Amino acid sequence: MKSGTGPDNNPYSAFGEIKPVGYKEHYELSVAQKRLYMLYLMDGPTLTYNMPMAIKIEGSVDRELVEEVFRKILKRHESLRTSFLLNDNGEPVQRIHEDVEFRVSHVICDERNVKKKIEEFIKPFHLEQAPLLRAELISINEQKHMLLYDMNHIISDGTSIEIIMDEFINLYGG
């Protein structure tokens, strides 16, 4: 194979095709996931690897649509339906769930208590329980809201958060 060509010697396909793995009960963890899972086993559930975000929303919000959009995103992204456990050999593995229960909680509070509500929202994740994503809508009044969501770093990074938020905006907007 010449340099800069793909497996079929085609200069326009410098990379091979990525084929789906197919269904398995459990999948191997990436090196980074193994490290995070081992830290979780040593330390237990902590806030250390939470990735919380808050978005201010001005205008009216359709709470049912917010929840429906999150459910669609969960359906589209396997990582959001993934849990982590030790297999029979004591090796860490991930399990992708076909479906997970997901609800967006909703609270009403005045502006003085928003910071407290955000602090109460951020809780440790138990990696054995999918989804490793949670969301809450805080309504301050009819035209002012905060959308909170939090994911564990074992299933996401900065890039994936950006992708998910872009999808959320596009799906919510129709």
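Note that the coordinates shown come from a computational prediction; the quantities given were computed from them, not determined experimentally.

**Student:** If you had to explain the sheet that holds strand β5 (residues 133-141) to someone new, which residues and values would you point to?
**Tutor:** With mixed pairing, 4 strands are arranged side by side in an open sheet as β1-β6-β5-β4. Unpaired on one side and paired on the other, β1 (50-58) and β4 (104-108) mark the two borders of the sheet. Across this sheet, the average inter-strand angle for adjacent strands is 20°, counted without regard to direction. Alignment of β4 against β5, held across 5 bridges, turns out to be parallel. What sits directly across from His 106, in β5, is Leu 137. Across the sheet, helix α4 (residues 158-172) is in contact with β1 and β6 (144-152); its angle to β6 comes to roughly 140°.

**Student:** A description of the layout of surface pockets should follow, citing residues and the corresponding values.
**Tutor:** Approximately 360 Å³ is the volume found for the largest pocket. Along the walls of the largest pocket sit 18 residues, with Gly 22, Tyr 27, Glu 78, Thr 82 and Ile 96 positioned nearest its centre. Among the elements of the structure, β2 (82-86) and β3 (92-96) are those that each provide at least two residues to the lining of the largest pocket. For the lining of the largest pocket, the element with the most residues is β3, which contributes 3 residues. When the residues that make up the lining of the largest pocket are grouped by side-chain class, the tally is 6 nonpolar, 6 polar and 6 charged. Lining the second largest pocket are 15 residues, with Arg 103, Ser 105, Lys 123, Arg 134 and Ala 135 sitting closest to its centre. Only β4, α3 (114-121) and β5 provide two or more residues apiece to the lining of the second largest pocket.

**Student:** Please give an account of the packing of aromatic side chains that cites residues and values.
**Tutor:** If you walk through the whole model with that rule in mind, you get 5 aromatic pairs. Ring geometry for Phe 70 and Phe 168: centres 5.0 Å apart, planes at 45°, overall tilted. Here Phe 168 lies in helix α4 and Phe 70 lies in helix α2 (residues 63-76), a separation of 98 residues in the sequence. On the basis of relative accessible area, Phe 168 is assigned to the buried category, the value being 7%. By the ring-pair criterion, three or more aromatic residues cluster together here, those being Phe 70, Phe 102, Phe 168 and Tyr 172. One Lys or Arg, Arg 134, reaches over the ring of Phe 125 and ends 3.9 Å from the middle of that ring.

Quick notes on the rules
Residues numbered from 1 in each chain as written. Predicted model: local features only at pLDDT ≥ 70, side-chain atom pairs only at ≥ 80, totals over all residues. Heavy atoms only, no water. Pairing = 2+ DSSP bridges. Helix = DSSP H or I, 4+ residues; strand = E, 2+ residues; numbered from the N terminus. Axes fitted to C-alpha atoms, helices over the stretch in contact; angles between N-to-C directions. Contact = heavy atoms within 4.5 Å. 1 Å grid on protein atoms, 1.4 Å probe; cavity = no way out; pocket = protein on both sides within 12 Å on 5 of 7 lines; lining within 4 Å. Points joined across faces, edges and corners; volume = space filled by probe spheres on them. Nonpolar A, V, L, I, M, F, W, Y, C, P; charged D, E, K, R; others polar. Phe/Tyr/Trp six-rings, centres within 6.5 Å; stacked < 30°, edge-to-face > 60°. Buried < 20%, exposed > 50% of the residue type's maximum accessible area, 1.4 Å probe, protein only. Lys NZ or Arg CZ within 6 Å of the ring centre and 35° of its normal.

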